[in-house]
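Commentary on secondary and tertiary structure
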Amino acid sequence: MHKTLLRIAVPSPLYRSFDYLLPDGTDASTLKNGVRVRVPFGRRTVIGVLLAVTSESAVETHKLKRALAILDREPVLNADVLAMVQWASDYYHHPIGDALTAALPVLLRQGEAPEASAIPAWRLTAAGSAVDSGTLARAARQQAIMTALQQQPQGLARSALEAPANVLHTLQDKGWIEPFNLEPATGCCNTSASPHTLNPAQQHAVDSILARFGEFAPFLLEGVTGSGKTEVYLTLVEQALSQQQQALVLVPEIGLTPQLVDRFQQRFPVPLAVLHSGLSDRERLNAWQLARKGTAPVIIGTRSAIFTPLLRPGLIIVDEEHDASLKQQDGFRYSARDLAIWRARRLDIPVVLGSATPSLESLLNVEQERYQRLDLPERTGIARPPTFRLIDVREQRLEDGLSAPLLAHMHQHLDAGGQVLLFLNRRGFAPTLMCYGCDWVAECRRCDARLTWHRHDNRLHCHHCGSQRPVDTVCPSCKGTDLHPVGQGTERVEQALAEHFPAIENIRIDRDTTRRKGELDRLLEQARSGASRLLLGTQMLAKGHHFPNVTLVGILDADHGLFSTDFRASERMAQLIVQVAGRAGRHERPGEVLIQTCHPEHPLLQLLITEGYPAFARAALTERRSAQMPPITRLALLRAEAASADTAMGFLATVQQRIRATGLPGVEVWGPVPATMERRAGRFRAQLLLQSAQLGALQRLLSTLVRELEVSRAARQVRWSVDVDPVDT
Ligand code: ADP
Ligand code: ZN
Ligand code: ZN
């Protein structure tokens with residue numbers, strides 16, 4: 001008789017799976033890959049995931065341990081997600097058990113049952129169906145609910161009704177509506193009609209993608225800001241739903257784009273599964289279940305939502321595909337965008353990458369005809385592209401970061417009734433505290449970084465390790481008291497705005513002003529409604545929002561990024577400028593963008609503002625080609641972190657010599673070098689860069705390397721990690 005063994009991925013830092021004997025009394029023929037199994041591991045009991053049932057093991061049978069229990073009848077990870085994580089574990093050289101754990105909601109990792117959750121919903125009673133909602137004209141919120149429910153005879157999820165509980169209860173007391181639990185939907189709903197007729201470019205994009213439903217087809221939807229990309233997504237999702245399919249929509253950060261979720265919710269009065277980092281473990285499991293059971297036809301989430309199992313997958317959309325947050329930057333360092341492509345191929349479905357400022361990676365894929373490019377070259381309706389102007393701040397005296405020409409334009413736009421948006425990617429009051437007596441500056445004791453002075457608590461904060469201390473009043477170096485804040489953060493500019501424009505309400509949006517739950521939504525609503533006419537913020541304010549009355553955008557400091565050690569810095573800067581600028585003139589009134597810089601002659605900056613992002617991107621890609629940098633070649637980083645700089649550097653130097661000695665053709669090794677910020681939170685960091693024009697050669701080298709490091713004694717002196725396709729180098 002064949003012996004039956006379970007091959008199991010166990011949460012651990014080891015690069016392998018483990019074989020176990022069947023639990024007593026288990027019928028192996030009923031087991032499905034992807035179920036959870038409780039197993040003994042070392043001295044602990046852990047929960048692993050079944051990868052395969054097998055009859056052979058490299059370990060002798062009498063040495064194998066017996067699994068304790070099978071936790072699921074149906075896989076918690078269905079076949080495509082399981083295969084994707086296995087592939088990603090190989091590609092990113094991350095331990096399989098750890099990778100699978102990252103893919104599961106926390107409660108499932110802890111052994112909870114994946115039970116289907118009831119979805120609270122409301123529907124009309126017979127009496128309610130007969131009500132003429134026109135009679136409720138003086139109770140607008142009641143009327144809105146009645147109208148919505150009359151359009152959806154099968155009822156609506158509570159989450160789809162934008163109404164406070166007391167209004168629902170009033171209607172319930174009248175006997176017009178009743179609560180019930182929505183059953184997992186098999187079909188979909190009446191979607192609300194699109195408020196717009198698609199323009200020809202949108203229609204062409206939709207038609208091209210629709211023609212490929214049911215097969216693998218990757219698209220790059222390149223649409224200038226305000227060109228109606230979201231409207232294209234909505235139309236495609238509507239089509240998927242009408243074919244009883246689910247659509248998965250990945251976005252960089254949900255907190256920053258509540259409008260996007262709102263638009264989906266308004267168009268599709270179905271339970272949306274919304275997955276983001278702000279959820280409780282219970283909420284996350286619920287949303288995940290809605291997706292897995294097919295109850296939620298639309299799943300919107302940040303990067304880890306790529307691991308959500310879907311019952312009837314039909315379409316994947318990755319919005320803002322260039323955004324760095326789609327790449328996980330610690331632990332399991334996957335790119336959700338790249339996994340989306342992999343998963344769509346596996347599922348034979350289309351995948352749409354959308355952006356106003358596509359990554360050079362995706363543009364190269366278009367050039368090589370792997371992706372089909374679809375273009376939305378113009379803003380919708382009568383909105384025109386904004387005009388750009390550079391302000392040379394070398395010749396200006398700045399008042400708290402604001403140049404005279406910028407101030408003059410702000411007055412003009414405000415007088416004309418417009419809104420003004422100022423962008424400064426630096427929070428706090430001043431990024432430096434300096435002694436004028438001896439040039440001493442306040443630095444973090446645990447990082448190679450300056451401390452930022454925050455006015456609200458009058459303390460110095462490190463933005464890298466989170467440590468803080470009181471503001472120095474005496475210079476620790478010369479004992480003088482001539483200490484001054486130097487440079488501008490958003491707090492300082494906010495104060496300056498209040499002085500320059502005392503009659504105009506301003507709001508500041510950054511991490512500090514939006515810590516409390518609901519605060520970001522409240523501030524964004526104030527910006528949107530026009531109640532505040534002066535908007536100031538960091539990149540939280542820059543992306544995705546639609547503020548119809550903003551006519552002037554001021555970028556206070558564009559220079560960060562022009563001269564940086566990271567070869568991607570100029571690409572990032574260009575994307576950010578275009579995104580921020582995209583907030584201007586999205587309605588009737590034309591928009592204007594002013595950019596303060598010390599380098600107005602910089603060729604890439606010039607190209608960007610005179611010819612636009614596509615021209616910039618072409619030039620940047622040419623530069624990468626001649627420098628043989630990504631996306632032309634592939635990179636991987638081996639990072640090491642230790643209590644001393646010598647340990648980290650020494651370890652990487654040994655690795656480097658090892659690689660040289662084995663002499664792998666086709667891979668170049670650079671370094672080791674200290675990380676850009678060598679010391680962070682008291683630890684010293686260094687890195688070794690591996691580069692190759694052949695992905696295969698690089699991958700083979702990494703496989704060998706990781707296997708060696710796993711058992712190497714030297715490697716235990718440091719914390720090391722591999723980052724394939726790193727986004728910050
Ligand atoms: P993007 O996602 O490219 O920034 P949106 O889809 O948000 O663009 O569209 C920008 C604005 O134009 C929105 O207010 C949207 O409602 C509107 N809009 C989109 N498509 C059309 C259209 N075909 N006709 C008129 N307005 C449209
Ligand atoms: Zn001093
Ligand atoms: Zn620090």
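You'll find the structure just up there.
Report follows, based on the coordinates.

Definitions and cut-offs
- Residues numbered from 1 in each chain as written.
- Chains lettered and ligands numbered in written order.
- Predicted model: local features only at pLDDT ≥ 70, side-chain atom pairs only at ≥ 80, totals over all residues.
- Heavy atoms only, no water.
- Donors = N, O, S within 2.8 Å, 3.2 Å for Na, K, Ca; no water.
- Tetrahedral: all angles 85-135°; square planar, octahedral: opposite > 155°, others 65-115°.
- Helix = DSSP H or I, 4+ residues; strand = E, 2+ residues; numbered from the N terminus.
- Buried < 20%, exposed > 50% of the residue type's maximum accessible area, 1.4 Å probe, protein only.
- Near = heavy atom within 4 Å.
- Polar contact = N/O pair within 3.5 Å; in protein donor to acceptor, adjacent residues only side chain to side chain.
- Areas by Shrake-Rupley, 256 points an atom, 1.4 Å probe, with all protein chains shown as cover.
- Pairing = 2+ DSSP bridges.
- Axes fitted to C-alpha atoms, helices over the stretch in contact; angles between N-to-C directions.
- Contact = heavy atoms within 4.5 Å.

**Notes on the coordination of the zinc ion (ligand 2)**
The coordination sphere of the zinc ion (ligand 2), as far as protein atoms go, consists of C435 (SG), C438 (SG), C475 (SG) and C478 (SG), spread over 2.2 to 2.4 Å. Considering all 4 donor atoms around the zinc ion (ligand 2), angles at the metal cover 104 to 115 degrees and the coordination shape is tetrahedral. For the zinc ion (ligand 2), all donor residues lie on one chain, and their spacing in sequence is C-x2-C-x36-C-x2-C. A residue pair is termed long-range when its members are at least 10 positions apart, and C435 in strand β18 (residues 432–435) and C478 in the loop between β21 (468–470) and β22 (483–486) qualify at 43 residues. A relative accessible area of 0% places C435 in the buried class.

**Quick word on the site of ligand 1**
Lining the immediate surroundings of ligand 1 are 16 residues, of which H196, T197, Q202, T230 and R263 lie closest. Contact distances for ligand 1 include 2.9 Å between an oxygen atom and a backbone N or O atom of K229. Contacts to ligand 1 include H546, whose side-chain N or O atom sits 3.4 Å from an oxygen atom. Computed on the free molecule, ligand 1 has an accessible area of 560 Å², of which 80% lies beneath the protein chains in the complex.

**What about the sheet that holds strand β23 (residues 506–509)?**
Across the sheet, which stays open at both edges, the 6 strands sit in the order β16-β26-β25-β17-β24-β23 with parallel pairing between neighbours. Both edges of this open sheet fall to β16 (387–392) and β23, since each of them pairs with a single strand only. In this sheet, adjacent strand axes meet at a mean angle of 15 degrees when their direction is disregarded. Bridging between strand β17 (residues 419–423) and strand β25 (residues 550–555) involves 5 bridges; their strand directions are parallel. Paired with L422 across the two strands is G554, which belongs to β25. Packing of helix α13 (residues 404–415) onto the sheet brings it into contact with β16, β17, β24 (534–537), β25 and β26 (592–597), and relative to β26 it is tilted by some 160 degrees. Each of β16, β17, β25 and β26 is contacted by helix α16 (residues 569–581), which is oriented at about 155 degrees to β25, the strand it contacts most.

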